[in-house]
Amino acid sequence: MGTAVISLFFTLLCVDIGYAKGNISTVDITVKGKVADAETGDGLPGVSVTVKGTAKGAITDVNGEFSIAVPDNKSILVFSYVGYTAQEVAVGGQTQLSIRLSSDSKTLSEVVVVGYGTAKKTDITGAVKSVKSEEFNKGIINSPEQLLQGKVAGVNVTSASGEPGSAQGITIRGPGGVRTGSTPLFVVDGLALDNSGTGGAMNPLTFLNPQDIESIDVLKDASATAIYGARGANGVVLITTKKGKAGSSSLNYSASVGISEIARALPVYTADEYRKAVPSVGGVLEDLKGNTDWQKEITRTAYTQNHNLTLGGGAGKLTYYASFGAQKQEGILKNNDLNRYTGRINVSQKFWEDRLNVDVNLNATFTNNSRPPIGSMLGNAISVNPTYPALDANGNPAVYPNLVNPLVSLKLEKDITKTNRLIGNISPSLKITKDLTYRLNYGIDNSNSVRDLESLPNAVPLQDGRLETIYTNNSNSLIENYLTFSHDWNSHSFTALAGHSYQKIFLQGRSSSINKFPISDIEPIYNPGLGQELTLANNKPSGYALKNELQSFFSRINYQFKDKYLLTATVRADGSSKFGANNKYGIFPSFAAGWRISEEKFMKSLPISNLKLRAGWGQTGNQEIPSKITQALFTSSVSASTSYPLNSTSVFPAGTTYTRLANPDIQWEVSSQSNIGLDFGFLNGALSGSIDYFNKVSNDILLEVIPSDPVQPAGTFWTNVHDMKIINKGLEIEVAYRQKTKSGLNYGVGGNVTFINNVVKNSPYSVIPSGSASGSGLTSATINGYISGEPIGTFFLKEFTGFDDKGLSTYRDVDGDGLVTDKDRIAAGSALPTMQYNFFGNIGYKGFDLIANFNGVRGNKIYDNTANSNFYKLRLSKGINTTPEAVQFANESTNNAAPVSTRFLKDGAFLRLNNLALGYNFNTRALGIDKYIPTLRLSVTGQNLFVITKYNGYDPEVNTDRTINGISSYGIDYLSYPKAKSIIFGLNVSF
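Residues numbered from 1 in each chain as written. Predicted model: local features only at pLDDT ≥ 70, side-chain atom pairs only at ≥ 80, totals over all residues. Heavy atoms only, no water.

Draft legend 1. Examining the sheet that holds strand S5 (residues 76–80) more closely. Reading across from one edge, S3-S2-S5-S6 is the order of the four strands in this open sheet, with antiparallel pairing throughout. The strands lining the two open edges of the sheet, one partner per strand, are strand S3 (57–59) and strand S6 (87–90). Going from strand to strand, the sheet's axes swing by 20° on average, the running direction of each strand aside. In this sheet, S5 lies alongside strand S2 (residues 48–51) in antiparallel orientation, the contact comprising four bridges. (Pairing = 2+ DSSP bridges. Helix = DSSP H or I, 4+ residues; strand = E, 2+ residues; numbered from the N terminus. Axes fitted to C-alpha atoms, helices over the stretch in contact; angles between N-to-C directions.)

As structure tokens, this is what we get:
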């Protein structure tokens with residue numbers, strides 16, 4: 001009775017407990033042995049060894065050796081390893097085995113994740129790149145983009161700030177919009193994210209623990225991204241998290257400690273240099289006998305701790321993966337801390353004789369981000385007189401009447417954001433027939449955050465105190481249903497996909513504030529009720545709410561003949577609530593073909609392991625624009641432009657006016673892209689790579705424009721500019737060589753390079769300004785501009801030509817009218833690199849391994865707005881600290897101003913050692929601990945160890961957001977958070 005109850009219980013749970021007749025033995029037999037490569041004879045670490053039909057398993061150590069207990073001599077051992085043909089061996093009476101695994105060309109055709117499914121790499125017809133976890137960048141990582149930097153040709157990742165958790169810029173094959181940005185679509189385990197900020201200044205992808213990621217697949221061309229239709233114009237990044245494996249169980253703990261320091265401080269004058277420099281330009285020196293390095297005062301040696309615990313495995317029909325991660329990271333600026341706690345569980349369960357499979361993925365993240373007043377603190381640190389002491393006689397930050405001690409700002413200003421995010425999906429699939437499978441995918445992504453901006457009340461310097469609180473709530477839900485039909489007959493292979501998707505996104509934010517707090521030990525954040533000023537003039541509540549819905553129908557057909565000739569056709573119809581009533585739906589088709597030349601008979605005698613020609617064309621869309629812009633918008637206010645007096649004594653009544661006209665014709669931006677590619681492999685796959693040429697044309701550009709008719713109720717309106725085009729064309733080359741010798745030495749070298757050309761065509765304006773300048777005297781000045789015939793990110797500036805006989809700046813009179821005005825601005829280069837390159841090298845011997853990753857760009861420029869607003873002779877003559885750049889021109893007058901011009905436009909090319917990692921895998925068998933600790937690894941990693949560049953700012957990889965009316969800016973550096981160089985010590989142990 002008891003056995004029946006137990007059996008019934010497990011049956012109801014749909015868990016295979018693995019009981020089978022003859023599967024229970026009272027005495028186990030221990031079998032030992034070694035698994036090696038059949039060709040080289042080298043031991044293979046990490047080979048899975050399982051007892052067939054049971055959950056018992058083991059993994060080979062670094063020398064390929066294993067030990068496993070089997071129930072009896074009738075047992076069969078299964079040896080499996082990625083890239084090799086699986087082998088089954090009957091134990092019989094053997095207790096010592098020597099196994100040789102052969103390379104499997106079919107297994108070596110790695111599986112790549114594509115939209116709504118997977119495919120073997122050899123079957124791919126589009127431009128797709130898969131990066132596995134072992135290839136990721138090492139170091140202190142906060143978001144998936146950092147893992148990819150330098151790994152994929154055509155993908156440019158810009159760490160625009162050194163702040164922990166800051167946003168990362170990422171473009172795939174160049175930007176294609178003016179108002180719509182260039183961020184690709186991110187899809188995590190089948191759930192498409194909406195890229196909305198989750199509050200504060202953090203990257204929305206910080207919620208994802210990099211340790212949980214199994215692979216990242218980048219879809220680059222339209223034939224690959226068209227399955228995502230309206231959101232595929234900027235490329236698609238598919239993130240797959242780790243899953244458990246049946247037949248084995250693992251418990252893994254990894255920990256790391258990182259030590260970070262500022263990589264490059266700005267070379268402002270030291271106190272001794274300052275004492276000489278100020279009088280040399282005719283300034284009056286104020287010397288308080290101090291010797292203060294203000295940049296050193298606001299920075300620190302920062303420490304990062306990272307702890308991750310993972311559990312994975314499975315038995316029979318159930319597999320699971322669970323993890324917990326904690327990262328506590330200090331920024332190199334004081335009072336800057338990012339704490340992140342993540343939890344994940346991925347479960348897969350099979351039912352109904354394996355016909356029904358249910359996948360569940362759930363991730364929860366809490367982040368606490370504390371930030372100092374970065375901009376003002378950096379601005380003061382590079383300009384304050386270095387002869388002023390930082391601390392007073394009592395050891396407190398010194399207070400001065402004529403300047404702001406950045407340490408005082410550190411003490412009085414706080415910016416704290418706490419964010420909770422829950423993301424998960426359930427994805428059951430049912431095998432209806434042998435060839436037909438139905439899948440449902442339901443996902444949710446909910447986040448909420450509270451951001452407190454706090455200014456503490458203070459007597460000297462006098463400050464009333466203020467608290468502003470911003471609440472953000474994001475909700476994203478997705479439901480998809482799709483059918484997949486696959487059938488093979490004779491030399492033909494056919495797969496068809498058809499489905500429906502509905503996604504709803506709701507964003508809401510609210511803010512409130514209160515002023516004038518009494519000085520006390522209670523901070524405003526803990527008791528806002530102490531504030532004494534609550535007026536609509538200074539503390540009016542604000543908020544917003546946005547909703548967007550997206551309904552889609554999609555299909556794809558894949559056809560193969562003789563495993564040599566490949567065809568793919570895709571079409572997706574997308575309807576979005578963002579667009580006008582006359583253009584709710586867009587159709588996005590694509591076609592691609594492939595020819596596996598290496599499979600032809602005439603190629604068999606050649607030393608070519610893989611040669612495939614690909615060609616494709618497709619269209620994708622971009623809907624990343626503000627919601628509701630197709631609808632009219634009104635405002636009611638009392639002002640000279642919206643009110644009219646009814647008589648001489650009455651108050652002005654509120655007037656209602658249009659601020660936006662309705663436009664039901666607005667539609668998607670459309671990108672048409674063609675791609676020709678060649679994949680190759682030589683020397684039995686040791687040398688491999690690909691070459692791709694692409695041409696991407698974006699049209700129907702979405703812009704907010706000025707009406708041609710001056711008699712309009714609204715000053716601007718949104719529309720598609722049909723004749724305007726943004727073209728990206730380029731060449732991508734990837735090459736890698738990997739070799740393993742009989743002596744146990746393995747090594748690899750490789751890299752990629754992208755040559756890309758971007759140009760704007762047929763713009764309705766002579767220039768669309770973007771990139772506003774900051775600093776004294778620079779307000780309202782612009783730096784970038786979108787100009788016909790020039791790339792996006794072009795710097796549109798007056799050309800600096802030197803100084804006149806009075807020492808004042810001169811500029812080129814382009815139109816020759818005798819006056820230098822804004823009409824004399826020129827296109828002076830672009831922030832977009834024309835060449836991106838990356839290369840790596842790795843070597844391993846016995847338990848040691850060493851890997852180095854480099855990345856760089858060239859052909860781009862940077863506008864140094866920091867130098868423009870701080871480092872010129874006039875500033876130094878007034879006693880404000882500068883760098884030697886301020887006095888590089890001996891004939892410059894101290895009365896000379898420094899307006900925006902090419903004087904501060906600099907070469908942005910660089911080469912960076914992104915990371916250098918050395919690791920050692922202990923031979924736990926030799927240590928006698930392999931039964932308890934199968935793997936033990938120590939590592940040390942250097943991150944951003946050096947950068948070679950002509951740029952003299954904090955770092956050449958920079959892009960301060962200086963957008964104008966939502967028009968994207970590029971390549972501007974203004975008081976950017978300095979980059980850090982780090983050393984990370986790591987431990988990885990499994991049980």
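So that's the structure; there's more coming.
Draft legend 2. Structural detail: the confidence of the model for the protein. Averaged over all residues, the pLDDT of the protein is 89; the fraction at 70 or higher stands at 94%. Confidence drops under a pLDDT of 50 for residues 1–26, and excluding neighbours within four residues, the segment shows 16 contacts in the predicted structure. (pLDDT = per-residue confidence, 0-100. Contact = heavy atoms within 4.5 Å.)

Draft legend 3. Representation of the sheet that holds strand S51 (residues 972–973) in the model. Taken in spatial order, the three strands of this open sheet run S47-S46-S51, and their pairing is mixed. Two strands lie at the open edges of the sheet, namely strand S47 (905–907) and S51, each paired on one side alone. Bridge count between strand S46 (residues 861–864) and S47: three bridges; the pairing is antiparallel. Residue Ile 862 lies in a different strand from S47, and its bridge partner there is Lys 906.

Draft legend 4. Layout of the environment of Leu 778. For Leu 778, the location among the structural elements is in the loop between strand S38 (768–772) and strand S39 (782–786). Among the residues examined, Leu 778 registers a relative accessible area of 3% and is labelled buried. If we skip the residues at most four places from it in the chain, Leu 778 touches Ala 773, Asn 865, Asn 868, Ser 869, Ala 898, Pro 899 and Val 900. (Buried < 20%, exposed > 50% of the residue type's maximum accessible area, 1.4 Å probe, protein only.)

Draft legend 5. Region of interest: the packing of aromatic side chains. Scanning the model with the defined rule gives 22 aromatic pairs in all. Judged by centre distance (5.5 Å) and plane angle (65°), the ring pair of Phe 66 and Phe 79 falls under edge-to-face. Taken together, the residues span a long stretch of sequence, with Phe 66 in strand S4 (residues 65–70) and Phe 79 in strand S5 at a distance of 13 residues. Here the aromatic cluster, defined as three or more aromatic residues joined through ring pairs, consists of Tyr 116, Tyr 228, Tyr 482 and Phe 554. For the cation-ring pair, Arg 421 lies above Phe 207, with the distance from its terminal atom to the ring centre recorded as 4.2 Å. The lysine or arginine in question, Arg 510, covers the ring of Tyr 471, its NZ or CZ lying 6.0 Å from the ring centre. (Phe/Tyr/Trp six-rings, centres within 6.5 Å; stacked < 30°, edge-to-face > 60°. Lys NZ or Arg CZ within 6 Å of the ring centre and 35° of its normal.)

Draft legend 6. The pairing of strand S9 (residues 117–120), seen in detail. Bridge count between strand S8 (residues 111–114) and S9: four bridges; the pairing is antiparallel. Residue Val 111 lies in a different strand from S9, and its bridge partner there is Lys 120. Linking two consecutive strands that pair antiparallel, namely S8 and S9, is a turn of two residues; a positive phi of about 60° is found at Tyr 116 within it.

Draft legend 7. Quick peek at the nonpolar core. In terms of nonpolar packing, the biggest core is built from 56 residues, with Val 178, Leu 703, Met 724, Ile 783, Tyr 863 and Val 900 touching the most fellow members. Mapped by element, the contributors of at least two residues to this core are helix H6 (294–298), helix H7 (374–381), helix H8 (406–412), strand S34 (701–705), S39, strand S40 (794–797) and strand S43 (826–830). Considering every element that reaches this core, the biggest residue donor is H7, with four residues. In this view, Val 178 contacts Glu 669, Ile 701, Leu 703, Met 724, Ile 726, Tyr 786, Gly 966, Ile 967 and Ser 968; residues no more than four positions away in its chain are not counted. In this structure, Phe 136, Ile 141, Val 155 and Val 218 belong to the second largest nonpolar core, which totals 24 residues. (Core = buried A, V, L, I, M, F, W, Y, C linked by side-chain atoms within 4.5 Å.)

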